[in-house]
Amino acid sequence: MLVKYTESKRQIAMGLLSTIDAFGSIDVVQQVLERYTKKNRQIYLERRNGTYIGLVLIVLETDCVVVERMAFIANEETVFNENEIFRSLLSIFPDRRLMGSLKTSAMIERFEMGQVDES
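All values reported here derive from a predicted model rather than from experimental measurement.

(A) Region of interest: the packing of aromatic side chains. Here the structure, examined in full by the defined rule, presents 2 aromatic pairs. For the ring pair Tyr 44 and Phe 93, a centre distance of 6.4 Å and an interplane angle of 85 degrees mean the geometry is edge-to-face. Taken together, the positions of Tyr 44 in strand 2 (residues 41–48) and Phe 93 in the loop between helix 3 (79–92) and strand 5 (97–100) put the pair 49 residues apart, joining distant regions of the chain. For the ring pair Phe 86 and Phe 111, a centre distance of 5.3 Å and an interplane angle of 55 degrees mean the geometry is tilted. Residue Phe 86 is located in helix 3, and its partner Phe 111 is located in helix 4 (residues 105–118); the two are separated by 25 residues in the primary sequence. Take Phe 86: its relative accessible area is 0%, and that puts it in the buried class. Since its relative accessible area comes to 2%, Phe 111 is described here as buried.

Right, here's the structure in full:
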């Protein structure tokens, strides 16, 4: 289940963001948190059985949701968990299409192909 980021979840989000290699320092992680709490950028945390297992950084555009990055705790970075986040985003934003960044476009393509197979 996706939960929208709030300041009370800052430490959890910082821990998850620190698993992304490109965000190698605490200063970068804090900058990312600040950037994704303004305007059309948002952070959602994936919660399963009372534990936060991942997060997704998104940008809201007029007709789409751009999935910029995803991060998971150890052993939770699976296609199933990626797809759960994509399904949740589609239910939160039903009239917007999912789009990927350079880091996430292959994941979204795999998800969309699976959606066709599941129909």
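Additional details are given in the paragraphs that follow.
(B) Up close: the environment of Lys 38. Turning to its location among the elements, Lys 38 is positioned in the loop between helix 2 (26–35) and strand 2. Classification of Lys 38 as partly exposed rests on a relative accessible area of 49%. Spatially, the C-alpha atoms of Lys 38 and Ser 88 are 21 Å apart, while their sequence positions differ by 50 residues.

(C) Summary view of unusual backbone geometry. Even without being a glycine, Lys 39 presents a positive backbone phi close to 50 degrees. Considering the arrangement of structural elements, one finds Lys 39 in the loop between helix 2 and strand 2. Take Lys 39: its relative accessible area is 86%, and that puts it in the exposed class. Phi is positive for Asn 75, close to 70 degrees, though the residue is something other than glycine. You can see Asn 75 is positioned in the loop between strand 4 (64–72) and helix 3. Residue classification places Asn 75 among the exposed residues on the basis of a relative accessible area of 76%.

(D) Looking closely at the packing of helix 1 (residues 10–17) against helix 2. Relative to each other, helix 1 and helix 2 sit at 120 degrees, their axes nearing to 10 Å. As the angle between them shows, helix 1 and helix 2 are arranged oblique. When the axes of helix 1 and helix 2 are compared, the crossing they make is right-handed. Across the interface between the two elements, Arg 10, Ala 13, Met 14 and Leu 17 of helix 1 pack against Ile 26, Val 29, Gln 30, Val 32 and Leu 33 of helix 2. Of the residues in the contact of helix 1 with helix 2, the class split is 7 nonpolar, 1 polar and 1 charged.

Rules used in this analysis
Residues numbered from 1 in each chain as written. Predicted model: local features only at pLDDT ≥ 70, side-chain atom pairs only at ≥ 80, totals over all residues. Heavy atoms only, no water. Phe/Tyr/Trp six-rings, centres within 6.5 Å; stacked < 30°, edge-to-face > 60°. Helix = DSSP H or I, 4+ residues; strand = E, 2+ residues; numbered from the N terminus. Buried < 20%, exposed > 50% of the residue type's maximum accessible area, 1.4 Å probe, protein only. Axes fitted to C-alpha atoms, helices over the stretch in contact; angles between N-to-C directions. Parallel < 35°, antiparallel > 145°, perpendicular 65-115°, else oblique. Left-handed = near helix turned anticlockwise from the far one by under 90°. Contact = heavy atoms within 4.5 Å. Nonpolar A, V, L, I, M, F, W, Y, C, P; charged D, E, K, R; others polar.

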